[in-house]
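# Structural description and commentary
Here is how the chains run, residue by residue.
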Amino acid sequence: MNVKSYLTTVTLGTLLVACGSNEKPVVSGETYSLFSPDSATVVKISYIDGIPGYSLEHNGKIYIEYSPIGIKTDLGDFSKGLIVKNISEAGKIEGSYSMKNTKKRDISFQGNEYTVTFGNDTTDLFEMQWHLQKNDAAFRYFVIPHGETRVCRVLEETTEFVMPEGTTTFLAPQMRAMGGWMRTAPSYETRHKADAQMDEGLDVKDGFVFPALFKVADNGWLQLSETGVGSNYSASHLKYNGNRAYQYVFPDEKEFNGNGTSQPGLALTDYTPWRTFTFGEDLAPLAETTIQFDLVEPLYEASQDYKYGKGTWSWIIYDDWATIYPYQKDYVDFSNELGYQTVLVDGRWDTQIGRDSIAILAKEAAAKDVGLFLWYNSNGYWNDAPQTPRGIMDNSIKRRKEMQWMKDNGIKGIKVDFFGSDKQQAMKLYEDILFDANDYGLMVIFHGATLPRGWEKMYPNFVASEAVRASENLRFSQEECDMEAYSATFHPVSRNAVASMDFGGSTLNRYYNHKDEPGSSERKTSEVFALATAVMFQSPVQHFALSRAGNANAPEWAVEFMKAVPTTWDDIRWIKGYPGKHAALARKTGDTWYVAGINANDDDFKFEIPAEILANANEITVYSDSTDLKGSEMKYNSSNIPEIKVPKNGGYVAVIK
Ligand code: CA
């Protein structure tokens with residue numbers, strides 16, 4: 001039905017399904033199995049009393065119990081009175097591609113794809129396409145057109161996810177529509193809760209955001225998310241229905257100040273987005289998955305070879321008042337001294353600096369090989385946020401004129417803030433900003449934004465989104481600083497596992513003010529923790545929360561590390577962790593591995609560097625908080641590296657060459 005142009009190699013199906021020929025008719029009450037190429041992942045399809053369903057198993061353990069399938073559209077209710085008309089043979093899919101802006105550079109995968117056709121006695125109504133890999137699964141719907149009908153509106157997806165008894169959740173709530181700062185929510189900025197009982201979800205009226213992490217009884221870990229969401233659909237989130245059942249739901253109709261429908265429109269040449277499952281006995285498949293990118297393709301070509309790297313921004317330490325020419329000029333010099341590539345000039349630059357002076361600043365920055373990112377309000381007619389510039393990014397005529405001005409003055413990128421909706425209309429705005437920005441050679445960061453769903457590959461000038469309870473909250477509250485390590489342990493296996501994350505952190509300030517003195521919120525984490533999160537939190541462009549005062553007060557080895565840390569990575573290995581307690585992973589760039597660990601627990605966090613990573617090590621530089629190795633940089637080789645013990649709020653980094 002669809003040419004899979006995103007694949008470099010495609011072998012279409014002769015693989016027989018083990019349970020039988022899968023020829024019509026599929027019999028009510030009987031179960032038909034779909035397999036990943038290695039047979040580890042099994043989806044079982046069935047229908048009983050007119051309601052179709054599925055279950056998901058991996059290595060013989062159940063991750064999703066038998067759960068209903070269905071979709072309600074303005075063309076009809078396709079959730080009952082159904083029979084399974086046909087299940088295709090497996091189409092064997094092999095893909096390989098390269099990305100410079102995510103966790104892994106050279107990616108290859110193997111999957112089996114099946115098309116399951118649902119209908120009634122007289123006609124076929126819709127298809128469900130399944131894609132199964134070793135530790136991932138995904139499905140999407142296709143509504144079959146009839147007669148002259150070429151469009152539909154999706155009212156509800158009735159597909160559920162029934163978790164096995166004993167499952168606990170590691171979820172973050174969806175924010176209330178038109179809540180938050182100046183009615184800018186939802187923007188994925190709530191705190192995760194570890195090991196919650198499913199039924200606690202009955203009290204969470206707005207549901208939960210993606211990615212959604214579950215510890216499935218004693219079977220293993222499961223992450224639900226979605227990918228391939230652009231202007232063709234709305235973004236979804238999860239609602240808990242009780243009885244261990246979760247369901248995809250569409251945005252609240254109150255979002256975007258009530259403008260725009262919450263029910264996505266679908267051209268009947270198009271699929272719904274892919275809904276993804278990643279699972280395994282431990283967290284490694286979740287941290288390392290590339291399913292978000294395997295299933296999508298670039299929607300346009302990059303207008304140039306975008307250059308990623310490091311930068312600074314004054315706002316996180318100084319606040320709005322410092323977005324004036326002298327301080328931004330100083331941050332250009334500061335970035336240059338650190339060997340960084342960019343400075344992010346935050347909100348109100350249009351009134352507090354002005355366009356003429358920004359043009360001068362950009363020229364002065366360019367002379368020092370520093371580029372500028374400029375902040376914009378997405379607004380529009382959907383929030384009350386007063387920060388300017390506003391009224392530019394929301395329509396193509398104004399923003400293309402502005403982007404031409406940016407191009408003329410050598411601006412490198414934009415950070416657009418305060419979207420506050422997952423509606424299809426909002427998804428189209430994200431897509432249009434990205435597409436226009438590419439015409440003018442601009443990279444794009446989104447804040448106050450939805451979770452990016454496959455965007456690093458779909459939109460080649462997309463850098464990262466916030467979509468997390470990020471560094472600004474550390475500035476806003478002491479409680480957040482007290483919880484910093486706790487929240488950080490979730491990100492490598494949850495939020496940051498599915499998309500680049502613009503956290504804006506890794507400050508060396510002890511206090512969130514420009515004098516680095518008591519009087520504002522106080523960071524409780526160690527310097528090594530800050531270095532570890534610079535490795536652990538992945539975004540190809542990092543605007544670290546550095547300041548002159550903070551750097552002056554920090555040990556020299558910490559500043560030197562922040563100068564040297566890469567922002568683009570070739571590979572990842574999950575090492576060990578438990579969300580809410582601790583996390584350790586390794587990222588590779590060139591021939592160098594960076595091992596990073598953090599701990600939020602009262603007990604020391606102990607882990608070992610995988611033998612595979614130590615095998616070819618010549619020199620290992622360690623940054624450690626353990627009491628016997630306090631606070632300095634030490635060099636080892638693979639035979640004498642000391643035991644790793646990370647104290648509470650501490651970190652560990654090893655650079656292995
Ligand atoms: Ca924010």
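Refer to the structure above for everything that follows.
What comes next is a walk through the structure.

Basis of the calculations
Residues numbered from 1 in each chain as written. Predicted model: local features only at pLDDT ≥ 70, side-chain atom pairs only at ≥ 80, totals over all residues. Heavy atoms only, no water. Helix = DSSP H or I, 4+ residues; strand = E, 2+ residues; numbered from the N terminus. Contact = heavy atoms within 4.5 Å. Areas by Shrake-Rupley, 256 points an atom, 1.4 Å probe, with all protein chains shown as cover. Lys, Arg positive; Asp, Glu negative; His and termini not counted. Charge placed at Lys NZ, Arg CZ, Asp CG, Glu CD. Pairing = 2+ DSSP bridges. Axes fitted to C-alpha atoms, helices over the stretch in contact; angles between N-to-C directions. Buried < 20%, exposed > 50% of the residue type's maximum accessible area, 1.4 Å probe, protein only. Donors = N, O, S within 2.8 Å, 3.2 Å for Na, K, Ca; no water. Tetrahedral: all angles 85-135°; square planar, octahedral: opposite > 155°, others 65-115°. Parallel < 35°, antiparallel > 145°, perpendicular 65-115°, else oblique. Nonpolar A, V, L, I, M, F, W, Y, C, P; charged D, E, K, R; others polar. Salt bridge = Lys/Arg side-chain N within 4 Å of Asp/Glu carboxyl O.

This part takes up the overall build of the chain. In terms of regular secondary structure, the chain is built from 17 helices and 37 strands. Nonlocal contacts in the chain, meaning residues at least 24 apart in sequence, comprise 70% of its contacts between residues at least 6 apart. Of the roughly 23,400 Å² of accessible surface on the chain, 47% is carried by carbon and sulfur atoms. Across the chain, the 65 positively charged side chains and the 87 negatively charged ones have centroids separated by 3 Å.

Okay, the sheet that holds strand β21 (residues 265-267) next. If you walk across this open sheet you meet the four strands as β7-β6-β13-β21, and the pairing is antiparallel. Edge positions in the sheet fall to β7 (76-78) and β21, since each has one partner strand and no second. Averaged over all neighbouring strand pairs, the angle between strand axes comes to 30°, with direction disregarded. Pairing of strand β6 (residues 71-73) with strand β13 (residues 151-157), which is carried by three bridges, proceeds in the antiparallel orientation. For T73, the partnering residue across the bridge sits in β13 and is V154.

What follows deals with the sheet that holds strand β25 (residues 371-377). With parallel pairing, seven strands are arranged side by side in an open sheet as β28-β27-β26-β25-β24-β23-β29. Every interior strand has two partners, whereas the edge strands, β28 (462-465) and β29 (541-544), have only one. Going across the sheet, the axis of each strand differs from the next one's by a mean of 25°, ignoring polarity. Bridge analysis of β25 against strand β26 (residues 413-417) gives five bridges, and the strand direction is parallel. Opposite W375, over in β26, you have K415 as the bridge partner. Helix-sheet contacts for helix α4 (residues 325-338) involve β23 (309-313), β24 (342-345) and β25, and the interaxial angle to β24 is about 155°.

This part takes up the pairing of strand β22 (residues 274-280). The element β22 is largely enclosed, with a buried count of seven among its seven residues. Alignment of strand β12 (residues 136-143) against β22, held across four bridges, turns out to be antiparallel. For D136, the partnering residue across the bridge sits in β22 and is T278. Sheet topology note: the strand β18 (residues 220-227)/β22 ladder contains seven bridges and is antiparallel. Within β22, the residue paired with E226 across the bridge is R275.

This part takes up the coordination of the calcium ion. Each protein donor to the calcium ion is listed here as E189 (OE), E189 (OE), E466 (OE), E466 (OE), E472 (OE) and E472 (OE); together their distances run 2.3 to 3.0 Å. Geometry at the calcium ion is irregular, judged from its six donor atoms and the angles of 45 to 154° they form at the metal.

Once that is clear, we can look at the packing of helix α14 (residues 527-536) against helix α16 (residues 556-564). α16 packs onto α14 with a crossing angle of 10° between their chain directions and a minimal axis gap of 10 Å. Between α14 and α16, the interaxial angle falls into the category roughly parallel. In this structure, α14 contributes E527, V528, L531, A534 and V535 to the contact, and α16 contributes W557, A558, F561 and M562. Across the contact of α14 with α16, the residue classes tally to eight nonpolar, no polar and one charged.

The next subject is the pattern of salt bridges. Tallied over the full model, the rule gives 39 salt bridges. For the salt bridge of R453 with E226, the shortest nitrogen-to-oxygen distance reads 2.9 Å. Note that R453 is positioned in the loop between β27 (443-446) and α9 (455-458) and E226 in strand β18, a separation of 227 residues in sequence. Each of the two residues, R453 as well as E226, counts as buried.

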